[in-house]
Amino acid sequence: MNPSHRTRAARVAVVGAGAAGSLSALHLARAARARGSRLEIDLLDPAPRWARGVAFGTDDEEHLLNVPAAQMSVLGDEPGHFVAWLEAHAAPEQAQPHAFVPRRLWAAYLDACLAEQASDPAGLVRVRHRRLRATGLSRVAAPDGGADGAGPSWVVRAGSEDVAADAVVLATGSPADPVDWAPESLRASPFLVADPWAPGALDVVRRDRRGPADVLVVGTGLTMLDVTLSLVGDGARPDRRVLATSRHGRLPLAHVPRPALPVVPDVSAWDADLEAVVEAAQEHLREVGTAQGDWRPAADGLRHRVAQLWGRLPEEDRHRFLDEHAGAWNRLRHRTAPVPGAVLDGLLATDRVEVRAARVATAEPLPLGGLRVTFSDGSSREVGWVVNATGGGGDVRRAGDPLLGDLLRDRGGLRLAEPATRGLGVRTVDGWLRDSSGSTAAPVWTLGALRRGELLESTAVPEIRAQAQALAAAVLHEVAPLPRRLEDGRWVGGHHPVARPRDLLGLPLSTTAEAAATYNAGLERVLRLQAGGERLIAEAVVLDPDLAVGHAALALLGHEAGADVDVPRALAAARGALERRGDERERSFVAVVASRVADARAGGQALTRHVAAHPRDALAVSAAVPTIAFSGVTDLQREAWDLVEGLAPAYGDHWWYHSLLAFTRQDQGRLEEAGLLAESALACEPASGHAVHALSHVFYESGEHRPGLDWLDAWIERSGRDADHRSHFSWHAALHELALGDTEAVRRRYYAQLAPPTTGGVRLLVDAVSLLWRWQLTTSGWPGSEELPPPPVEAALAAVDPVLLTRPSTPFGALHAAIALAAAGHRDRLERLRRRCRESDDAVTSGVVAPLCEALAAMVEERHAQAADQLVDLLPRLVLVGGSAAQREVVEEALLLCLARSGRPERAATLLDRRLDRRPSPLDRRRRGALAALAGSAGGRLAVGR
């Protein structure tokens, strides 16, 4: 029966209750509650508790996460969720974004999060853990749901029980291969621990005091490290040593205590053959390693592109990679936490651990217990135990798992599942199992290790979390679909009662599912500060011409961000659409945009009221509190801060809100907190332009010019190519280069990334022209400076829209118009701008920008003393103009030069001293020295001091 006519709850069986299964159940429950869909979830696993599994079932405190806490949230849209949980449930030193905490803590956290979702007061969702082992899957010939409508079409066989299901999620993890590396005599020995993660498997080894003290661990990866920590820790036999052996004898690499942000490469131009991919990847590692002094950010950045690269490779190249390169890649990618890595180094240094590149050839029992093991190099060793730490190979054809075997068996010419590359999981279409005919007829999905064959990297929690969230949406779309279209104002195509489609933040949209999906894709790009968002939103209003918020969003982007939009026409379309449908929030949004376009000041006040009523209207918030913009709803910085702070209850730890909050924190001077927030957001969403922007300010204001420049350059080149406002990020990089005194690098960047026609519109004025004047003020304008002078400003100024220079619409725009005219030495045009600003009804424009024009005019005429006096008076009020401290700093640079040239080097030195106290800078130190020399030549007593 069509699920759109179902009145009963949909039923989903999740096979496996470890990390992947529990994350799947959590996101299914969360998504169903958000949609208002009834759902029953059966977690099938004989384990006594959910949220444990192989990786997280350990209680050993030395078994740590291999990922910092900031990246381990179970909620992709709330990156600080796990750290916040740790603050309430762990020691203070563990509740840190960069902490590598015991795996048992994450298991307890996942357990608690799933329990919270399972306890649904509204009764929409039910989650049960049934301690059953699934063995097969069958279709029900004639489902009968009685009065509730058709019953489920499938059953999961679990011993003597059948579990009915509309959909099945395979979350069984990586199946263990047979221990076929071991000779027959070893496989039959009671002194072989074939599965070190079986309950109590290592306890008997730890307690054993009779046989030889040495333990052979076969495998030298992360499992070996966990086993070693358990066997030589507190209470272990004091004379115990571990011999670890593998084919190549390669040990795990370690994370640094505070990992740097990933440097994600642009792989669009990489060829699709193995040699070319390996060569390009190695070059990426070398470039980043040279630039940053560490290869790890490059390896972590590659992780974000692995699925894309793997998908391009032909099957033959995939097999060659697994044979020739997978070991080296896994060592780079899957690293241990810093503390276990240091412990292993200590054990190696004291001969408690020995590593050998060899295979086990034979194993003979010893009279008093234990084994004599002979290796492929001819050597031998007496050991008390042999522990298998090779990890699961993951070949589903050899796993011996009854459910996988049932899915792979022939059913009259059809198999429900097909092995993926090298048997590393099964073939899917975005997680939906593809049968031997190539179709997705059976409602079976999978995630995690069973997708390694098609993704390669699919076992880390951040990857599984993202898959679980996508899987939840796909499963619910099939078993409990929302309406697909509107006819005569009524929803058609879904079950009743129905909910409307929602935007990315959960707000209802009066539109079709297809139009909503396209609108959300565009909104996502806008929230990330990526180009192309307006194009997708324009496509959405073509799919549904009555999508009022889509038309209004286009008008807003045209007015606020300079998108190529006919703003009056878009507003008219929005109003027309509202005559046919729209809720109160949508009507308010359209009215606010119209008000904003008509009158920036009144529109700003209306926008504030709208955000107060609808705080999760992210597009409205973006306009109200822009981080890369020219005016918000207010010119008062503290009001903007209060607005962002007040949004916390509505957004929690959402990555986009963290990005905005990070920018607010850096504006408040809380740089460390801003950096952590930005890194947390980027760990969840590497493309978050707002977080990148906040982190750029943190690097600059902290004086970390070389690390900031290296990281930002890598982001611009690799991840920022499709960023909106790309020129602004280039401006930030140029500030670092100026601070380092590398004016040749500034020149190269200006012509490559900032000069017209690369940059246009208001960004040309705010980024390119202002950079040229700052360059002039900080280098060639100083006494005795031998720095490379900037290019003439006239060429850039000629490409600026004259309206921006003569009739700026905001105080921030007027400030930059004055800067541009001063840089060009246009005294008369500065005077005309001053008169226009003086006559403005805006208090900031008339009270701050007009006097600034007068001061800059005096500077142009080389009346430096008068200019300095006026700038000193203006500096405390400059914050009212808006923008960031880094942008407004150009006025302070003008004051420094005027003070130096008007015979007051001591005053200039005091300003520089204050700046150097909060932010080191080679340029400022050199200028401080120049001021000392200037004061000395005038007979003063100014000391260098810095």
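As a reminder, the structure under discussion sits directly above these lines.
The structure presented is a predicted model; accordingly, all values stated were derived computationally and were not measured.

For the protein, the helix and strand inventory stands at 41 helices and 20 strands. Counting every position in the protein, which comprises 946 residues, the buried fraction comes to 57%. Residue pairs at least 24 apart in sequence account for 67% of intrachain contacts in the protein once pairs closer than 6 positions are excluded. Total accessible area computed for the protein in this model is approximately 37,600 Å², and 51% of it derives from carbon and sulfur atoms. Computing the positive centroid from 109 side-chain charges and the negative centroid from 120, the protein places the two 1 Å apart.

Under the 1.5 Å per step criterion, the end-to-end length of helix 40 (residues 905–918) is 20 Å for 14 residues, consistent within 8% with the ideal 20 Å. Listing the buried residues of helix 40 in full gives Pro905, Ala908, Ala909, Leu911, Leu912, Asp913, Arg915 and Leu916.

Disulfides are covalent bonds that connect the sulfur atoms of two cysteines. Per the counting criterion, the structure on display carries zero disulfides. Among the cysteines around cysteine 853, which has no disulfide bond, cysteine 837 carries the closest sulfur, lying 4.7 Å off.

Here we come to the nonpolar core. Tyr519, Phe589, Leu619, Tyr651, Trp656, Leu695 and Trp711 are the most contacted members of the largest nonpolar core, which totals 75 residues. Among the elements that make up this core, the one with the highest residue count is helix 19 (residues 548–561) (eight residues). Setting aside residues no more than four positions away along its own chain, leucine 695 makes contact with Leu261, Gly675, Ala678, Glu679, Leu682 and Trp711. Core analysis: the second largest hydrophobic core is formed by 71 residues, Val766, Leu777, Val881 and Leu895 among them.

Let us look at the pairing of strand 14 (residues 380–383). Of the two faces of strand 14, the one lined by Arg381 and Val383 is fully buried and the one lined by Ser380 and Glu382 carries no buried residue. Linking strand 13 (residues 371–375) back to strand 14 in an antiparallel pair, the connection comprises four residues, with glycine 378 at a positive phi of about 95°.

With that settled, the discussion passes to the packing of aromatic side chains. Scanning all chains against the criterion turns up 13 aromatic pairs. Summarising the aromatic geometry, the rings of tryptophan 310 and phenylalanine 321 are spaced 5.8 Å apart at their centres and angled 70° between planes, so their arrangement reads as edge-to-face. Here tryptophan 310 is found in helix 10 (residues 306–312), whereas its partner phenylalanine 321 is found in helix 11 (residues 315–324), with 11 residues between them in sequence. Phenylalanine 321 matches tryptophan 310 in its accessibility class, with the two residues each being buried. Between tyrosine 750 and tyrosine 751 the ring centres are 5.3 Å apart and the planes differ by 75°, which places this aromatic pair in the edge-to-face class.

Calculation criteria
Residues numbered from 1 in each chain as written. Predicted model: local features only at pLDDT ≥ 70, side-chain atom pairs only at ≥ 80, totals over all residues. Heavy atoms only, no water. Helix = DSSP H or I, 4+ residues; strand = E, 2+ residues; numbered from the N terminus. Buried < 20%, exposed > 50% of the residue type's maximum accessible area, 1.4 Å probe, protein only. Contact = heavy atoms within 4.5 Å. Areas by Shrake-Rupley, 256 points an atom, 1.4 Å probe, with all protein chains shown as cover. Lys, Arg positive; Asp, Glu negative; His and termini not counted. Charge placed at Lys NZ, Arg CZ, Asp CG, Glu CD. Expected span 1.5 Å × (residues − 1). Disulfide = S-S within 2.5 Å. Core = buried A, V, L, I, M, F, W, Y, C linked by side-chain atoms within 4.5 Å. Pairing = 2+ DSSP bridges. Phe/Tyr/Trp six-rings, centres within 6.5 Å; stacked < 30°, edge-to-face > 60°.

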